[in-house]
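# Structural characterization, general
Residues per chain, in single letters:
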Amino acid sequence: MTYDTVADEYAREIQPENKIINKMALMQKILPCFHISSLYRTSMFPLLTVRHFTNFNASLQQEDDQPAQNLSNPYQKEKRCCILCKYDVNVDYKNARLLSQFLSPFTGKVYERNITGLCKSKQKIVESEIIKAQNAGYLAIMLKKVEYFKDPKLCDPDRPVRPHRY
Amino acid sequence: MPSYELSLMLRVLSKPELVSSLKRSAETIVQQGGVLRQFISIGTKPLPFKIRAHTQWHREGTYFLMKFDAPSSAVENLNDEFKRDIDLIRTHVVKCEEPVKQECTLEEELKSPAYRKDVQQLVEESRKTVRKQFKQNSPGFDYYPFQK
C-alpha cells in the first residue's frame, strides 16, 4: 500500500464530497515532520494499516457507470392516425358534404380503405352513414354533387395509403 | 326510454299546411308514448334524386329533424303511421347512441402482413389440425325401430 492510497482514504474520510483534493497539502498535514521530497522514498516509511473503504467506493462508482434503464426509443416514429380520429370528427348521416368527400367524383362510389386512409372502425362508420344518408334522402346514390367537387381532397386514388390492384 | 332521431322529408306545402302536417306527426309520436325533445328545421332543398311518394314524383322537399324519447316498441308503429301520411316523402328513425371511443388502429393495419396481429392469428389457426371425430348415429331415430 502506497502513501497515495492512504492520503486518498484520509481525504475521503474528512471530505467525502470534495473530490478535488490537494493530496500534497493533506500529506503535509498527516506527516508534518517529514519533508515532501522524502515522501517519494516509500521504502523508508513503515506501512500503516488503514481500513480499506475501496469496496464501498467501488460499488458507488459501479452504480454511476451502469446504463440507465427503461429509456424510451428516441428513434421511434410517431403513431399514424386516420384523419377522422385525429381531429375527432363526428360523422353524421345528415352531413352529406362530409360523406361526399369519401366518394369518387367519377363513379359516385365509396372509396375503399386503402384510398381513404381510415382505420377499420371509422371506415365502417362512414360506409354505414352513407347508406343511412342515401336512405333518408340526404345524399345522392350514384353521383357526387358538382358543388362538392372543389371541397378539400381527403382521398387521392392515385396515391393510396396501401397499394391496390386498380 | 331510448332516445331517437326522426329525419322527416315533407313535400312542398304552404306554411299553414306544413304546420298542420308537422303537428300531426308530432302527435303520433306522443300517442305512441313518446316525449318530444327537439324540433329542428333544415330547410326546403332540392332532393338528391327524384322520389316517388303516394302517386307523385317529388324533386323538392322540406327537411325537418325531431328528437324524441320513446319506448322501443313504438318505433314499428311510428313507421307504419308515417307510411300512410301523404305529406311525408321519406322518414328515417335512428337511435341516438353515443359513439364508442376507440383508439385509431391505423398504425397496426399499415404494418406488413407478417407483423399484423390478425394475420398472425390466422396463421396460428391454420396450424391447429382439427381431427375429424367419427359421429356415431345412435340413437338414430326418435322412435324404437323394431316391432315389438
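Residues numbered from 1 in each chain as written. Chains lettered and ligands numbered in written order. Predicted model: local features only at pLDDT ≥ 70, side-chain atom pairs only at ≥ 80, totals over all residues. Heavy atoms only, no water.

## Overview of the overall build of chain A
A tally of regular secondary structure across chain A gives eight helices and zero strands. Long-range contacts, defined here as pairs at least 24 residues apart, represent 63% of the contacts in chain A between residues at least 6 apart. With the model as given, the accessible surface of chain A reaches about 12800 Å², and the carbon-plus-sulfur share is 54%. (Helix = DSSP H or I, 4+ residues; strand = E, 2+ residues; numbered from the N terminus. Contact = heavy atoms within 4.5 Å. Areas by Shrake-Rupley, 256 points an atom, 1.4 Å probe, with all protein chains shown as cover.)

## Remarks on the side chain of Gln 101 of chain A
Inspection of the secondary structure assignment puts Gln 101 of chain A in the loop between helix H6 (96–100) and helix H7 (113–116). Setting aside its immediate chain neighbours within four residues, Gln 101 of chain A contacts Lys 144, Asp 151, Pro 152, Leu 154 and Cys 155 of chain A.

## Quick word on helix H2 (residues 74–84) of chain B
Residues and elements named next belong to chain B. By the burial criterion, the buried members of H2 are Ala 74, Val 75, Leu 78 and Phe 82. On an axial view of H2, the arc spanned by its buried residues comes to 95°, and they lie on one face. Opposite the packed face of H2, turned more than 90 degrees from it, sit the exposed residues Glu 76, Lys 83 and Arg 84. (Buried < 20%, exposed > 50% of the residue type's maximum accessible area, 1.4 Å probe, protein only. Arc of directions from axis to C-beta.)

## Examining the nonpolar core
Within the largest apolar cluster, 33 residues are counted, with the highest numbers of intra-cluster contacts made by Cys 82, Tyr 93, Val 126, Tyr 138 and Leu 139 of chain A. At the level of elements, helix H5 (83–86), H6 and helix H8 (120–136) of chain A together with strand S2 (35–52), strand S3 (57–69) and strand S4 (88–95) of chain B are the ones that each hand at least two residues to this core. The element contributing the most residues to this core is H8 of chain A, with four residues. In this structure, Val 126 of chain A is in contact with Leu 84, Val 91, Leu 99, Phe 102 and Leu 118 of chain A, ignoring residues within four places of it in sequence. (Core = buried A, V, L, I, M, F, W, Y, C linked by side-chain atoms within 4.5 Å.)

## Brief notes about the confidence of the model for chain B
Residue and element names in this part refer to chain B. Summing up the model confidence of chain B, the mean pLDDT is 92 and the portion of residues at 70 or higher is 100%. Within chain B, no element has a lower average pLDDT than helix H3 (residues 106–109), which sits at 91, and none a higher one than S3, at 96. Complex prediction metrics read pTM 0.70 and ipTM 0.82. (pLDDT = per-residue confidence, 0-100.)

## Let's talk about the interface of chain A and chain B
Taken together, the 26 residues of chain A in the interface contact 22 residues of chain B. The interface formed by chain A and chain B holds four salt bridges in total. The salt bridge partner of Glu 107 of chain B is Arg 80 of chain A, with a shortest N-O separation of 3.5 Å. There are eight residue pairs in polar contact (both at pLDDT 80 or more) connecting chain A and chain B. Per-class residue counts for the side of chain A that touches chain B are 12 nonpolar, five polar and nine charged. (Salt bridge = Lys/Arg side-chain N within 4 Å of Asp/Glu carboxyl O. Polar contact = N/O pair within 3.5 Å; in protein donor to acceptor, adjacent residues only side chain to side chain. Nonpolar A, V, L, I, M, F, W, Y, C, P; charged D, E, K, R; others polar.)

## Points about the pattern of salt bridges
Counted under the stated rule, the structure contains 15 salt bridges over all chains. Note that Lys 94 of chain A and Asp 92 of chain A form a salt bridge whose closest N and O atoms lie 2.8 Å from each other. For Lys 94 of chain A, a relative accessible area of 22% gives the class partly exposed. Put simply, Glu 108 of chain B and Lys 111 of chain B hold a salt bridge, and the shortest N to O gap is 3.5 Å. By sharing partners, the salt bridges in this structure join Asp 92 and Lys 94 of chain A together with Glu 5 and Lys 67 of chain B into a single network.

## So, the environment of Lys 111 of chain B
When you line up the elements, Lys 111 of chain B lands in the loop between H3 and helix H4 (117–127). Within the structure, the side chain of Lys 111 of chain B is placed 3.5 Å from the side chain of Glu 108 of chain B, a separation counted as a polar contact.

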